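Chain and residue survey
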Amino acid sequence: MRAAVMYGAGDVRIEDRPDPKIVDPTDAVVRTLAACVCGSDLWPYASMPATDTGRPMGHEFLGVVEETGADVTGLTAGDLVVAPFTYSDNTCDYCAKGLHISCRNGGRYGFDGVDGGQGEAVRVPYAAGTLVKLPVAADSALYEQGPIGPAAFMRNITMTGGASPARAYIPELLADVLDGSITPGHVFDKTFTLDRTPDAYRAMADRQVLKALIRP
Ligand SMILES: [Zn+2]
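A brief report on the enclosed structure follows. Worth saying up front: this structure is predicted, and the values here are computed from it rather than measured.

**Regarding the environment of Tyr-169**
- Within the secondary structure layout, Tyr-169 lies in helix α6 (residues 166-178).
- For Tyr-169, a relative accessible area of 33% gives the class partly exposed.
- Tyr-169 sits 71 residues away from Gly-98 along the chain, and the two C-alpha atoms are 8.7 Å apart.

**Overview of helix α7 (residues 197-205)**
- For α7, the complete set of buried residues consists of Thr-197, Pro-198, Ala-200, Tyr-201, Ala-203 and Met-204.
- Residues of α7 that are buried make contact with β1 (2-8), β2 (11-16), α1 (42-47), β11 (190-193) and β12 (212-215).
- Looking at the residues trailing α7, positive phi occurs at Arg-207, about 65°.

**Here we look at the sheet that holds strand β4 (residues 55-56)**
- The strand order across the open sheet formed by three strands is β2-β1-β4, and the pairing between neighbours is antiparallel. Each edge of the open sheet is held by one strand with a lone partner, namely β2 and β4.
- Both β1 and β2 contribute to a ladder of six bridges, which runs antiparallel. Its bridge partner lying in β2, Val-5 is registered against Arg-13.
- The sheet contacts of α7 involve β1 and β2, and relative to β2 the element is tilted by about 160°.

**Quick notes on the nonpolar core**
- Formed by 34 residues in total, the largest nonpolar core has its most connected members in Phe-61, Tyr-109 and Leu-131.
- The biggest single contributor to this core is α7, with four residues.
- Counting residues in each nonpolar core, the second largest holds 10 residues, with Leu-33, Leu-62, Leu-80 and Leu-174 among its members.

**Section: the environment of Asp-195**
- With respect to the helices and strands, Asp-195 occurs in the loop between β11 and α7.
- If sequence neighbours within four positions are ignored, Asp-195 has contacts with Arg-2 and Ile-14.

**A few points about the coordination of the zinc ion**
- Within the protein, the atoms that donate to the zinc ion are Asp-89 (OD), Cys-92 (SG), Cys-95 (SG) and Cys-103 (SG), at distances of 2.0 to 2.3 Å.
- For the zinc ion, the four donor atoms are set out with angles of 92 to 121° between them, so the coordination reads as tetrahedral.
- The motif formed by the donor residues of the zinc ion, counted along the single chain, is D-x2-C-x2-C-x7-C. Pair check on accessibility: Cys-92 and Cys-95 agree, each one buried.

Conventions we followed
Residues numbered from 1 in each chain as written. Predicted model: local features only at pLDDT ≥ 70, side-chain atom pairs only at ≥ 80, totals over all residues. Heavy atoms only, no water. Helix = DSSP H or I, 4+ residues; strand = E, 2+ residues; numbered from the N terminus. Buried < 20%, exposed > 50% of the residue type's maximum accessible area, 1.4 Å probe, protein only. Contact = heavy atoms within 4.5 Å. Pairing = 2+ DSSP bridges. Axes fitted to C-alpha atoms, helices over the stretch in contact; angles between N-to-C directions. Core = buried A, V, L, I, M, F, W, Y, C linked by side-chain atoms within 4.5 Å. Donors = N, O, S within 2.8 Å, 3.2 Å for Na, K, Ca; no water. Tetrahedral: all angles 85-135°; square planar, octahedral: opposite > 155°, others 65-115°.

Shown next as C-alpha cells:
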C-alpha cells in the first residue's frame, strides 16, 4: 500500500509499505477513505531529527473495515468507521472514566508497528474499543454529500488542541452530525490526493491551508 512517512523536519514521503494484516485477534484492518493532516503533525514537521527509518504519519481517519480479528465484536467487514486519534480498549479503568488517551492498552498510530492514518489502509489495535461505527453505508449519498461529509468528526478531534478524550465525545456528537446540527467537515479548506500529502504538509506549515483533507 501507499502511505506517508516522515523522515525528518520538512521531509514527508509517499512510499510503498507492507499491506496491513491482522496481527492480534483484537485488530481490524481499515481501508482509508479520508484522512487529514493534524495541526500536531506540524510539530514533527518543524522539528523532527532526521531518521533513516521514518515514521508513518497520520492519526485521524475514516474508512471501511476490511477484516477483523477473531476477538473483535461489533464490527464486520464493510462497516464505515471513524477512528479517534489514539487507539484504546474502551474497557480499562481509565477508559471507563472517559480518559481513553490514558488507556492501559492504548497507543498512538505510527508507533510500535502500527500504521499511520495517512495511507491506503491501517491495522487498528483494539478495534472494538477504538473504532466508532457510522450508521451509514460507505457508498451512501449521505456520506458523500450529506452533513456527515467526508471526514466528518475530525474537527472535534483536531480542534481541541491536544489530549482530548475524542473517543468519549464521538458517540455523543454523532447524532448532531448526522442530523446536520453541526457540520464539522467545513473545517477542511483544501483536499489533496495521497500522493500530494507532502504538499499538504507544506501548505499547512506555510499557513496557506487551515486543514488539509487527504484522499487515498
Ligand atoms: Zn482502556
